[in-house]
Amino acid sequence: MRASGIPYAGLVLPDPASFDLKRALADAAEVLRRLDGASGEPLRRSNKRAAVMADRLGIAIRPPEPGATPCRAEIRVIARGGGVPCGELVASVLTQVVLALLVHVPARQIEWFSPDTLIGPENFVELNRYVSPRRRGAPVADPTPEPPPPREPARLSAVEEEMALTASIRAAMFEAEAEAARNRRIGSRLLPVLRQRIRSQKPVEPRSAATGYAATGGLALASMPVAAALHVAGRLRAMDLRFVARVLSVVVIFAVLQNTGVLRQVVTGLMH
């Protein structure tokens, strides 16, 4: 006989052969290990009856008796220290055991805590789909939590806006001063290099004095006025050898024309 007040569930079966006691005990042990096995100690199985015990609670199973009407198996929750178990854990353990049995036991109805409370197996499964994860012993945390909504930026007051504007102006001034100082440092480094390069460059070779004097003397033999003019021009402007050679060629041509009388004839013809 069942003691009054002990939480139980009865499975109404079509025949006794449809209930496997060993598999039912294995399902009960798995549920107890998950919901009441925090200590890590191994579960205890009774040698006198079909029962398994965990840290605080246990499950006792009474298989269907042959020839009994109605044919039913009974699953009871028992306490380790004796007495009537109670609390939320009791309902969670009993619910999970019944759900595990319904996977392979063709129960027609479920007698829940009282002979007057009969629930169909489909309705029992549907009702316990909405039980909280904590009561089922499943992890409470959502594996895919929704991201938090984006936070709107806080609006600044007039004083804060003025302070932010002042800070940005100061930052721009500091950046400009830093840029100017950086340019001055670069200029101070480049100035000695430029001076050194200017000093190291070879000056343009001026007209050689000896060559100038020789050319002027040779020209004086042909025409003294032209040589004097060339000498004055050479003093006023430094000339290279190519320029002196060109001028000397022109002067020599005019000197030859003058000596042969051709230049005089040309000038007289132009004047008349």
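Nothing here was measured: the structure is a model prediction, and the numbers come from that model. (Residues numbered from 1 in each chain as written. Predicted model: local features only at pLDDT ≥ 70, side-chain atom pairs only at ≥ 80, totals over all residues. Heavy atoms only, no water.)

A.B. asks: Help me understand the nonpolar core in this model?
C.D. replies: Most often, soluble globular proteins keep nonpolar side chains buried together rather than apart. With 35 residues, the main nonpolar core has Leu-11, Ile-59 and Val-98 as its most contacted residues. Of all the elements in the fold, those that place two or more residues in this core are β1 (8-12), α1 (21-35), β4 (57-62), β5 (72-79), α2 (88-101) and β6 (109-112). In contact with Val-98, not counting residues within four places along its chain, are Ala-9, Leu-11, Ile-110, Trp-112 and Phe-124. (Core = buried A, V, L, I, M, F, W, Y, C linked by side-chain atoms within 4.5 Å. Buried < 20%, exposed > 50% of the residue type's maximum accessible area, 1.4 Å probe, protein only. Helix = DSSP H or I, 4+ residues; strand = E, 2+ residues; numbered from the N terminus. Contact = heavy atoms within 4.5 Å.)

A.B. asks: Would you take a moment to explain empty space enclosed by the protein for this structure?
C.D. replies: In this approach, a probe sized like a water molecule rolls over the atoms, and the result shows the empty space that is left. Evaluation of the coordinates by the stated rule reveals two cavities of 30 Å³ or more. Volume-wise, the second largest cavity comes out at about 60 Å³. Surrounding the second largest cavity, Asp-36, Gly-37, Glu-41, Pro-42, Leu-43, Arg-44, Met-53, Ala-54, Asp-55 and Arg-80 form its lining. Among the residues making up the lining of the second largest cavity, the classes are represented as four nonpolar, one polar and five charged. (1 Å grid on protein atoms, 1.4 Å probe; cavity = no way out; pocket = protein on both sides within 12 Å on 5 of 7 lines; lining within 4 Å. Points joined across faces, edges and corners; volume = space filled by probe spheres on them. Nonpolar A, V, L, I, M, F, W, Y, C, P; charged D, E, K, R; others polar.)

A.B. asks: I tried to follow the pairing of β4 on my own but got confused; where do I start?
C.D. replies: Both faces of the sheet carry side chains from a regular strand, because those side chains alternate between them. Summarising burial for β4: five of the six residues are buried, a large majority. Bridging between strand β3 (residues 51-53) and β4 involves three bridges; their strand directions are antiparallel. Residue pairing across strands places Val-52 opposite Ile-59, the latter belonging to β4. A loop of three residues connects β3 with β4, the two strands running antiparallel in sequence. The pairing of β4 with β5 spans six bridges and is antiparallel. Considered in β5, the bridge of Leu-57 is made with Ala-79. (Pairing = 2+ DSSP bridges.)

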